[in-house]
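Tertiary structure, described
What follows is the residue order along each chain.
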Amino acid sequence: MRIGVLGTGNMADALGTRWAAAGHEVLFGGRSPERSRALAGRAGGLPGTLGEAARFGDAVLLALPHDALAGVLAGLGAGEGALRGRVLIDCTNAVGPGLLLTTGTGPGAARTLARTTGAGVVKAFNHLPDSVWRLDPLVAAPAEGPLAVPLCGDDGAALETVRTLVRDLGHVPLTLGGLERADQLEAATALLIGLWKSGRDPRTLLPHFEVVTAGSREGRRER
């Protein structure tokens, strides 16, 4: 598969490098030609501009700081078709001061992105930091099995493309629903970031799955 990567930062490096190692052709486009060339050299990919990455291949990874998106998309002429109809993987997090979402009570980041670009947006890979995506999948996986990657999107073909890319990293795709569910995923990620930064383990909030579902199973047997 041919994958364009918008950005040259940590997430672009982590995911793009892993996809290149899995045999995909990856073009890294950044605002700095030097950074694009350096990352492409390390990852075994191709260097390019943001515009070239936006138009490259089968899928595009959006791996830029959320507060830089408006300017970048305006420069790409997003409303004029640079990303229209593309499979666009959104791994950004609109988290601002106080670890609160900068989208407020309005539509989430992924829904806004889909509306402004006309792309087949899939929210994915945003719930964990780049350090996890760099790991061997067997190391990153929880004890219960492979690491699940939540996906949200309204475009069925785009979702299937991203499911393939998740599996190529050795993880398991978990489709949660449409982009309205991406709002919830973005909010949940902000909560996770806050817990991690404060030194708290989010896993302590949740019992084992069997404990939660035992009551419903008992109810079904009684009926």
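Small disclaimer: the values here were computed from a predicted structure and weren't measured.

Re the state of the cysteines
In total, this model carries zero disulfides according to the counting rule given. Cys152 carries a free sulfur, and the closest cysteine sulfur to it, the one in Cys91, is 14 Å from it.

With respect to the environment of Ala20
Of note, Ala20 is situated in helix H1 (residues 10-21). A relative accessible area of 15% places Ala20 in the buried class. Ala20 sits 25 residues away from Gly45 along the chain, and the two C-alpha atoms are 6.4 Å apart. In this view, Ala20 contacts Val26, Ala43 and Gly44; residues no more than four positions away in its chain are not counted.

Here's the deal with the sheet that holds strand E3 (residues 46-48)
The strands that make up a sheet are held in pairs by hydrogen bonds between backbone atoms, and each pair lies either parallel or antiparallel. Taken together, eight strands build an open sheet; the order of strands is E3-E2-E1-E4-E5-E6-E7-E8 and the sheet is mixed. With one partner strand each, in any of the chains shown, E3 and strand E8 (172-177) form the two edges of the open sheet. Here the average twist between neighbouring strands, direction ignored, is 30°. Inspection of the sheet shows strand E7 (residues 148-153) paired to E8 by five bridges, in the parallel sense. Looking at E8, one finds that Cys152 is bridged to Gly177. Where helix H5 (residues 109-117) meets the sheet, it contacts strand E4 (59-62), strand E5 (87-90) and strand E6 (120-123), and its direction lies at approximately 165° from that of E6.

Rules and cut-offs
Residues numbered from 1 in each chain as written. Predicted model: local features only at pLDDT ≥ 70, side-chain atom pairs only at ≥ 80, totals over all residues. Heavy atoms only, no water. Disulfide = S-S within 2.5 Å. Helix = DSSP H or I, 4+ residues; strand = E, 2+ residues; numbered from the N terminus. Buried < 20%, exposed > 50% of the residue type's maximum accessible area, 1.4 Å probe, protein only. Contact = heavy atoms within 4.5 Å. Pairing = 2+ DSSP bridges. Axes fitted to C-alpha atoms, helices over the stretch in contact; angles between N-to-C directions.

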